[in-house]
Structures are given as C-alpha cells and as structure tokens.
Amino acid sequence: MAMAIRVFLSFLLFLSLTNLASSLYEDQVGLMDWHQQYIGKVKHAVFHTQKTGRKRVLVSTEENVVASLDLRHGEIFWRHVLGTNDVVDGIDIALGKYVITLSSGGSILRAWNLPDGQMVWESSLQGSKASKSILNIPKNLKSDKDDLILVFGKGCLHAISSIDGEVLWKKDFAGESIEVSHIIQSPEVIYVAGFVGSSKFYVYELDAKSGELLKNNHIALPFRTSGESLYVPDDKFLVLDDARSKIVTININNGDINYNQKQISDLVKDSSGQAVILPSRLPGLSALKINSQVLLIKVTNEGELAVVDKIDNTAAFSNALSISEDQHVFAFVQYEDNKIHLSIKDVNDWSRDLLKENLVIDHQRGNIEKIFINNYVRTDRSHGFRALMVMEDHSLLLVQQGEIVWSREDGLASVVDVTTSELPVEKEGVSVAKVEQNLFEWLKGHVLKLKGTLMIASPEDKIAIQKLRLGSSEKSKMTRDHNGFRKLLIVLTRAGKVFALHTGDGHIVWSITLNTLRKSEDCEHPVGLNIYQWQVPHHHALDENPSILVIGRCGPSLSAPTALSFLDAYTGKELNSLSLAHTVARVIPLPYTDSTEQRLHLIIDFNKHAHLYPRTPEASEILKHEFSNIYWYSVEADNGVIRGHALKSNCIHEVVDEYCFVFRDLWSIVFPSESEKIIATVTRKSNEVVHTQAKVMTDHDVMYKYISKNILFVANAAPKASGDIGTATPEEALLVIYIIDTVTGRILHRMTHQGCQGPVHAVFSENWVVYHYFNLRAHRHEMSVIEVYDQSRADNKDIWKFLLGKHNLTSPISSYYRPEISAKSQSYFFTHSVKAIEVTSTAKGITSKQLLIGTIGDQVLAVDKRFLDPRRTLNPSQAEKEEGIIPLTDSLPIISQSYITHSLKVEGLRGIVTVPAKLESTSLVFAYGVDLFFTQIAPSRTYDSLTEDFNYALLLLTIVALVAALFITYVLSERKDLQEKWR
Amino acid sequence: MASSTKSLLLFLFIQFCFSLLPSSFAQSPTPGSSDGYTIYGRVKIPSYGTKEFSLPAKVSNVKVILNGGQRVSFLRPDGYFSFHNVPAGTHLIEVAAIGYFFSPVRVDVSARNPGKIQAALTENRRGLSEFVLEPLKEEQYYEIREPFSIMSIVKSPMGLMMGFMLIVVFLMPKLMENMDPEEMKRAQEEMRNQGVPSLASLLPGAARN
C-alpha cells in the first residue's frame, strides 16, 4: 500500500517537475486574467484642448498619480504613480507642451512631456522649513527664455525656467517667519503676500528678473484673523477675522496698504453660523460660504463690498475660466429637491446664465465634491462647456450638454479590504434549440482551434480563434460554475463604497455607497475598516442570499463611533445597519454559525469589552456552549507587549447584558523596549485547509507538521534599525523572530538575524512561515523559511504500536498540552524589495503551494514553496532528488515566466488575496493597488482538468481513426480467415 | 564613405558619453543645505536587436527606487536620474522596468569624504566605476509556442495511443507468426506458473521489501 502511494506520489511529482513555473503563452493573455487601471480621487485637473492634437485632461490624484486622460472617452493616455511620500501639491501646463507637477511638500518640480508622459526635467528645490507650497505658472507662456515658473515651497520662493528646469533665482523667506499665502505675478514685479502671526499682513515686492527685493510693506490689523485669505484681482485681499463676523479687504496700492472692514451681518440680514471663504479664484468676485448658503461678493475698485447673489444648497464651485479677453466664467452646482443643477455664469455679467442644465447622476455616487470646467466653441461660434466632476465616491464624470459622456470608477484605486462571495446557483430550463446551436458553434470553434494547432489557419481564422477564446460568454455568466472560478469579489474602498466585481471579466455587478460611511454632520471623516462574510448559506439555508458585514468608523481616531452594515451579496441591498454604542478595536469572526448560517462575530472595544454579534438568543446560546474555547490575542506594538485573552463573564452595567462580555488576560509577553520593537505580526488564515499532518521524508520516515490555528509570528527589530534602509549600520541592526502559541503564550521558537532589519513581510501557512527582510551585511534582501514539526507524535510510525493501540493519534489535540517542537530554518537571498507576500490556497490543501510575492516593481511573482524548503542541501542524494528537493542555492531564482502578472504592472500594489476555487488544482488571485489584477493559477498545473488548450477536435479525430482502423482490421482478418479456410 | 562617417559619428558619440559619465557619477554636497548629497546616475537600456517595442516608450515607464520605496525617481529622456538630499550612509537603489532584469545597487555615500560615492551591483558583487545601470538580462514573460511539428503530434497522448494501436495491429501478428509454436507454448506455461504479475513486483525497489 505504502508502495502504491509512493508510486502515485512520485508520479505526481514527475508531473509537477515537468514545469516548475506556471507559465503563460502570449495569446493566453486575457483568457483567465483581467487588469484594470485606475488613478484615484482627483485633486487637481487641467484641461488641454488645443485645436490640434488630441483633447486631454491632466489630473493629479490622492494616490499620487499624475495622468493624462482622453477627454472623449476617459481612457488613460499615460500615467505615473509617484512614490508614497511624494504627494502632489500642484499641476499645471507650461509652454503648451510640458505638464509641470510640484510634489513632496514643494521640493520636487518635474516636467513631463504632454503627448507621451516622458519626464523632461526634474528640479530639486531646497529649503529649510516646511510651509505651504504654491505652484504659479503664468498663463499664455510664449516660448522665450524669460518665462518663469514660480514655486513657493519649504519657505523659499524659486523662479525656475520652464525650458530646462534650471533654478534662476531663489529668495529665502524662512527668516521672516511669514506664512506666505499668495504669489502674484505681473510682467515686471512679483508680489509675495502672507501673514506674520495672525494679524500682521506683509507684502513683498520682488523683481521678476533677478528676485531682488524691491519693497517690503506691512500692515498690522487691530484684530486677529482666521488665517485664510483670498486674492481678488487688482491688488486686493479678502480676510475674515477670527470670530468670522467681519470681512476685511486689504488694498495694496503702489506700495501703500490700507484696509476696510465690514460686518457680515451688514451684508446679509440673517447670517448665523460660521463664514468660510471658498478658495475659488474668481476675478472680481469672492465666494463666502455661510452654512449651506454661498454669498457672492463683489469688490469694487474703491474697496467696497456688495453682495451680488445668494445661492442656496450649493455643492461645488469651480475656478474661473477665461473664455475670451474680458470674459470669465465659472460653474457651480446646486442641489434642489433631488435634482442637480449645473449653472455656468459670467463673472461680470451676473444676470445671464450661460448654461443651466439639469443633471441626472446616480445617487450612489454621492455628492459632487469638485468641479472643473472647460469650454469649446460650437459650430455657431457660441461657447459650449464641459464639466469634470469629482464625486463623493471618488468617481470621475465628464458632463457635456447635460449628459454624462464618460465616467471612471476611480474609487477602486483605494481598496481597503476584500472578501468573496459565491454566485447564485444556476436554475433549470435551458432550451434544446439553444443547446443544438451551441453544439454547432462548439464544433466550429474546435475545428478552428484544430486549424490553429496544425498551423493551417489563415490570419482571419486566427483573429476568429482569439476572439472566440476571449469572448467566451461562459466566464462572465452570473451563476455559479462547476469549477468555482466564477465568484464575486466584494471590495470596500476608502470612500466607503462597496463594489462587487465579477471574477470572470472584472465588471462591476453592483455598487453601493453606505449611508453609515457617508460624510455627515456627526461623522466628519468616515473610514471603512473591514469587510467580512456574514452569512454563507450552505446546507439548510440555501434559499437565502449570502450577506456581507461592513465595519466603518467615523474618523481616524480609535475612539470614534462605529457602525455596522449588512449587505446582500447578490443584489448589494443594505439589509440592516447598526450604529454601535461602543468602539471597535478588533473583530474576531468565530468558527461557529447559527441555524441560518450567520457567522458569530466578537467585536472587542477599547474599554475591554467583547460584544457578540448577531444579537440573538441563539447566538448567545452557542457562545455559552463554547465559552471556554475562545481565545484571542492583542498586540500593542508601541509598548512592545503581546497579550492573550479569554472571555470571563457577562458585563454588568445596570442589568446583565447578554451580548456583552468582560475578558481576562491569560498571559502577556513583554519585549525589552530598549532592544526590541515589534515591526510585524502574522498569523495563519483562519479558513486555511490542511490536507495532511504527516509529511513523508526520503527515508520513509514520517514527520508531523505542527498545525495549530493559534500560532503567531512576531518580528522584532532593534529600535535603532527600525527605520528605512540606509539609516542603520549592520552593527546596530538586529532582527528577532518569535513563534508564539496564542493560547498559552508559550514561545515555541526564537531566532535572531544579526545585522538585519525590516521592513518585514511575512506569510504563515500550515506549519511554516516565510518572511522577507533586509540583510545589511550582505546589503541584499533575504527570505527565510521556518518549518515547525511536532516531535511528540514522531514515534507513531511503529506498526506494532498501531496494532496494540499504543499510539497517541486518537488522543485529543489540545492547545494546552506542551508539544515538543522542532523547527527547521533556512535563508536565501532574494533580489527585489517586496510590497506584499501571500500564499496560494486551494480547496482541499492537496496541491503544492506557491508564494506570491508582490515586488517593488509592482509585479507579482510566483515562487514554488519547494525553493523555500529547509531540507535543501548542496548535494541532495538520489532519493532526495526523487522526492523533489532542489539543490541549495544562495539566492532564490527569479524565473520571468512565473510572473503571474506577466507584462503588466499592478501600479501601487498594496495587497494580494488568494481564494480557493472548487477545483483543487486552482487558486484565484486578486492583487490590488491603484490597479486591480485578477488571475487563476494552478501551482502544480491543472492536473484535475483539461487545459483551456485541450483540443477536443483532435480527440474526436483520433477516436474516429481508431474506429475506422478497427473496422478495417476486422474486415482484413475476416478475409484472411476465409482464405485460411479455403486452403 | 558612408560607413566611415557613420563610424566617425559613433566615435564622437562615445567620446561624448565618456565626457559626460565622470560628471554624472560625481556628486556634490548641495549648496545651501548641509543634510544631504545628491546621487546622479544613468540607466542604459541597450536595444536588443530589432524588438517591436521602441526604446523611448519604455524609458518613460522606468522607475528608480531608493531604499525599497522611500523615494521614487523617473528617467530623463537621456536615461539620467537623480536623488537629492540623500544622507550619508549605505543605500539601495533598484530599477523597475518591465521587460528587463536589473540588479539592485548598493550605494555608499561617504560622510568623511564628501563627493565620493561608491556603487556595486548586489547580485554579482561587481563594483561600478561609473554609475551606469544596465539590465543583466531581458525578461521574457511568455512561453514561446513551439512551431507545429509531426513529432509533437506523435508525442501527444493521442499520438502515442495511435502509435501503440498501429504496433499492436500490424506488428504483433507478424511477431506471433515468426515465433516457434513450441516456444510459445513454453512461454505460456511459464506465465501460468508465475501467476498474475502484481504491480508491486514490476516496480523498482520492490526487491528491498
């Protein structure tokens, strides 16, 4: 029997050895994978709609993306994802051919070529202190050398040539302690204005050619101001006092500064509430927001203020757009009883609407947050307008003539958490005619494929073949398939919107903006935290739809109130939502479900209470039953403490709360803070399936994997070396690895890596952990593997013990018993920095595993687990080779065919998620960042199904040929027999 | 004549490159700020034969990454990149370019000796005298489809099946014919004596048990 198993295993091994890398042919791209490109929530937008060339809009986003979009369709022409610390402060166009971006707090200025996105030049701007950064590019730059880009950043004003990025002059304002808020450029002079303190307003006048200080003037206001100020052309500034009750106009006239003040209540009768200056740049006008009303105030030449208009229920204001020499227009959006009005008005001619349109926008997109406008000349020489709108869910819309021309779901660039859901089961009732037609189509397809294999296909045939393969309607069907490839990926985005994506082709099945995660008066900055499977109907609740739990919190502070939402996974309807009275520190999905297959969840709050959800008596009963079996741990990274907890009793407030529990600390591990700092913790996935505990060694020995769900990997670094690479020396760097049992708090294994530092990325699976870190001595990245084996079961191999019943295999496994553990470890060099590590997961856990490594180049590399096997040696024996042990090398090989993202990049990669398919050989992989990527991988090839390439036509042909041969030989032998008999 | 001008141009170009390179490697403590140095370098992607991708389109998507993502820089059209305000110490520079494999580079910025930086490839520990990064190899992300051949059909499971059938159908009777009837009888006898051959006895290593 053992022999047969061995033979079978070696056969499997032979199969898997034939290809170490799961690779792809070029014409298979797009068959099982899809890739979507996003940019994120737009911060700034600049239109480029010259008569010649393609019309485009240049945007910078909150994901630090600079991109050029096609104005007709919304596609990306080019895109650059800047570094995570390289926040874009401003974007503009210079010389009509360069896109200028200012980033990193006003210290890096880059110019990109407009058509193709090639970087043309880059300037580093030095300065001594952090300050507001301002990018100022004069309009209508003609291409002569004198054109300046003015940048204020890090307390300095820089004048930069737009042709080559050379810094022409620089003026340091760091010594003046001025908060510069405005830079005004005129051909000869440059005005720099800002506050010193809160009541002194300074204006500097500089020579535009040399940066020399011409004049320096200031005015001391007799009251404090709110700090925000607005420049109104013709040398005026609008300021509010700190009580926000007065508007102050500061006038600079040929070096003299004077001011006027006016009570807001004089302008409007019923002004209650805080006034805010809207930062829209409208020549001659200023917008003041009081509650939901916006006052448009005109500043006359004498410095007098007059209210031009009051606009109710406004949502967004655009900047002014000059459409001709003296005509400036701007747009605003109003909400009026469920209708959205977009109005465009002339700044100077207030009475006339240039445009007033009603818009129909899906209310799932939320409010309009930003609006950018652009004009075009119609055939009758009148002006038409298009508006680019940034919505509350981070999507981007282009509106023209009251219609949405295109939209981009850029909320998907900021995925926070991912879960999956099954699709509905297919219903009966497929018509016969359809099947017949399908059969014909099917045969035709396979004949085409056969032609393709035999290389007799014409180019048209080839196109038809490719189309057939890509356009297979099978994969985007809305029902469950036999292999479990079709699923819903349910993603929660930072905007608080939940999307369901189909794994077949990535289309959005449904999306919903959760009310609990929308910005409101009592919830200023809602954030989505996590998403869990709440109810997975399985056996006795198959009629019900599965549901999803979304957890969100108001604001980034941990004590902010939280809310739960329950969603139907098929339709995206919100089933229920709860605003919680308690906070959320951690959510623990328990391995128990009630009679309707709702999973029990414990929510731990900051006041050391655990709350049970769902709040039903049945759930409480189940929990009571398992009361003593629930353990969890908490990591306090700042204090260097890990604690283990267990439930104690119900909370007792006034009355006993059935669903609230207090818990006790079971154990705690305190790391010495002077030498160690927790930088990473990883535990096993709770839903991972392990096929067998036993592992057969080469010498017929059996090792037992130590498989426990309550096991935690902790990586600690020396405090000095816990920063980035390049900040520590090898002597002071140290990495300490612990493997901890989270029920007893026992440290199962401890290891140190001298001269190594973080960042540590790790993944825990079965009985092994793989982690990636940086070795300062070799100055290379390293990956290590630790495998943990249970020694106490090691002597269970003796057949006599089995027969006599002396083995301990049937003895219950308890987390309390202290197993003898042996750990094996090995380290290898790895070339790239890593952003994320995951491991493939399959339905039964039989298939061998692959590590999925998200590299710094935003690609995902699949590395066979056999390369990270502590039993690798330099010269493996013949038996070991047979078993598939690879000779030891000092570094892990990077086989370019095993990049599962092939020639694509998942820009801004943040995470990788793997989900098992129903087919044992296959694992579904979803990688997310600014882009989304999905594919199926088979770590040991698809040994349990025919590949996509399988040629049914060839099979048919063979069978026909065999049958024909049978007949011919039958006839031949008959004839021969007859001849024999005649003889 | 034409070829000689070409080679002259090439020579001039090389000269030009060399005149640029030393300056590209030297780095200066930036005036006005004392806390950092500037690393200048260049990424050079040789055009391998006649590839369908044109080079400039690729250069625009190359990123140079300092210290595992701390800072990201892009290439100028001529392949130059720079990192400003880099503190003294040992740093790591990686180049991310689709289609090419670059070795990470260890960069030592000396604090004692301003204006001195040293670079070495970490993959093969080769020192760089000039800070010019070249790909170690091109990366091929796709398997190449084998062109059609009769052998591939023969080797496929179906092909093997057909081949076996043919052998059985046409060769076996011939073999049987040639066999001596007595010998055949003896062989059959032998078989009967041995009994049914088990799977295990056919396998290697069975002798050990």
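Numbers given for residues are sequential positions, taken from 1 along each chain in its written order. Working convention: letters from A go to chains and numbers from 1 go to ligands, in the order in which they are written. Given that the model is predicted, a residue must reach a pLDDT of at least 70 before its local features are reported, and side-chain atom pairs must reach 80 or more before they are shown or counted; all residues, however, enter totals for whole chains, interfaces and linings. Calculated side-chain values reflect all of the structure's heavy atoms, with hydrogen atoms and water omitted.

1. Description of the nonpolar core
For step 1, the next point in the chain: Note on terminology: a nonpolar core comprises buried Ala, Val, Leu, Ile, Met, Phe, Trp, Tyr and Cys residues joined through side-chain atoms within 4.5 Å. Here's how the labels work: a residue is buried when its accessible area is under 20% of the maximum for its type, exposed when over 50%, partly exposed in between, all with a 1.4 Å probe on protein chains only. Of all hydrophobic cores here, the largest spans 38 residues; its most connected members are Leu-388, Phe-926 and Leu-932 of chain A.
For step 2, the next point in the chain: Dropping the residues within four chain positions of it, Leu-932 of chain A is found in contact with Trp-34, His-35, Gln-36, Tyr-38, Leu-412, Val-415, Leu-501, Phe-926 and Ala-927 of chain A. Whether two residues touch is decided by their heavy atoms; if any such pair falls within 4.5 Å, the residues are in contact.

2. As for empty space enclosed by the protein
For step 1, the next point in the chain: With a 1 Å grid spanning the protein atoms alone, the term cavity applies to any set of points in which a 1.4 Å probe fits but cannot get out, the term pocket to an open set with protein on both sides within 12 Å along at least five of seven lines, and the term lining residue to any residue with an atom within 4 Å of a point. Grid points are joined across faces, edges and corners, and a volume is the space filled by probe spheres set on the points. All told, the structure shown has six cavities of 30 Å³ or more when counted by the stated rule.
For step 2, the next point in the chain: Considering only enclosed or pocket space, the largest cavity measures out at about 150 Å³ in volume.
For step 3, the next point in the chain: Forming the boundary of the largest cavity are 17 residues, of which His-832 and Gln-859 of chain A together with Val-95, Ala-96 and Ala-97 of chain B lie nearest the centre.
For step 4, the next point in the chain: Runs of H or I in DSSP of at least four residues are treated as helices and runs of E of at least two as strands, each being numbered from the N terminus. Of all the secondary structure elements, the ones that give two or more residues to the lining of the largest cavity are β5 (89–96) and β6 (100–101) of chain B.
For step 5, the next point in the chain: With three residues, β5 of chain B is the largest single contributor of residues to the lining of the largest cavity.

3. Regarding the pattern of salt bridges
All names here are of chain A.
For step 1, the next point in the chain: We count a salt bridge whenever a side-chain nitrogen from Lys or Arg sits within 4 Å of a carboxyl oxygen from Asp or Glu. Within the structure shown, the criterion is met by 30 salt bridges over all chains.
For step 2, the next point in the chain: Between Arg-494 and Glu-63 there is a salt bridge, and its shortest N-O distance comes to 3.1 Å. Highlighted residues: Arg-494 in the loop between β36 (487–493) and β37 (497–502) and Glu-63 in the loop between β3 (56–61) and β4 (65–70), separated in sequence by 431 residues.
For step 3, the next point in the chain: We classify Glu-63 as buried; its relative accessible area is 14%.
For step 4, the next point in the chain: We note a salt bridge from Arg-110 to Asp-86, for which the minimum N-O separation is 3.1 Å. Of this pair, Arg-110 sits in strand β8 (residues 108–113) while Asp-86 sits in the loop between β5 (76–81) and β6 (88–94); the two residues are 24 residues apart in sequence, bridging distant segments of the chain.
For step 5, the next point in the chain: Residue class for Arg-110 comes out buried when judged on its relative accessible area of 1%.

4. Some details on the interface of chain A and chain B
Many structure descriptions define interface size as the accessible area lost when the parts assemble.
For step 1, the next point in the chain: With 67 residues of chain A in contact, the opposing surface of chain B contributes 56 residues.
For step 2, the next point in the chain: Between chain A and chain B, the buried area comes to about 5300 Å², and carbon and sulfur atoms account for 57% of it.
For step 3, the next point in the chain: The interface formed by chain A and chain B holds three salt bridges in total.
For step 4, the next point in the chain: Residues Arg-780 of chain A and Glu-123 of chain B are paired through a salt bridge, measuring 2.9 Å at the closest nitrogen-oxygen approach. Note on terms: buried area is the combined drop in 1.4 Å-probe accessible area of two parts once they are placed together, counting the loss on both.

5. Here we look at the packing of aromatic side chains
Residues and elements named next belong to chain A.
For step 1, the next point in the chain: Centres within 6.5 Å are what make two rings of Phe, Tyr or Trp a pair, Trp counting through its six-membered ring; a difference in plane orientation under 30 degrees is then read as stacked, over 60 as edge-to-face, and the rest as tilted. The tally for this structure, following the rule as stated, stands at 21 aromatic pairs over all chains.
For step 2, the next point in the chain: Through successive ring pairs, a cluster of aromatic residues spans Trp-34, Phe-926, Tyr-928 and Phe-934.
For step 3, the next point in the chain: A ring is considered to have a charge above it if a Lys NZ or an Arg CZ atom is located within 6 Å of its centre and within 35 degrees of its normal. Residue placement shows Arg-780 over the ring face of Phe-829; its charged tip is 4.4 Å from the ring centre.

6. A word on the packing of helix α8 (residues 952–982) of chain A against helix α4 (residues 157–178) of chain B
For step 1, the next point in the chain: Between N-to-C directions, angles span 0 to 180 degrees; the directions come from axes that are lines fitted to C-alpha atoms, helices contributing only their stretch in contact. As a packed pair, α8 of chain A and α4 of chain B sit with axes 9 Å apart at the nearest point and diverge in direction by 15°. In terms of their interaxial angle, α8 of chain A and α4 of chain B are classed as roughly parallel. Crossing angle aside, the handedness with which α8 of chain A passes α4 of chain B is right-handed. Residues Leu-954, Leu-955, Thr-958, Ala-961, Leu-962, Thr-969 and Lys-976 of chain A of α8 of chain A pack against Met-158, Met-161, Met-162, Met-165, Val-169 and Glu-177 of chain B of α4 of chain B.
For step 2, the next point in the chain: As a working rule, the residues Ala, Val, Leu, Ile, Met, Phe, Trp, Tyr, Cys and Pro are called nonpolar, Asp, Glu, Lys and Arg charged, and the rest polar, with Gly in that last group. Classifying every residue of the contact of α8 of chain A with α4 of chain B by side-chain character gives nine nonpolar, two polar and two charged. In this scheme, roughly parallel covers angles under 35 degrees and roughly antiparallel covers those over 145, while 65 to 115 is roughly perpendicular and the rest are oblique. The crossing is said to be left-handed when, going from far helix to near helix, the turn is anticlockwise and less than a right angle, and right-handed when the turn is clockwise.

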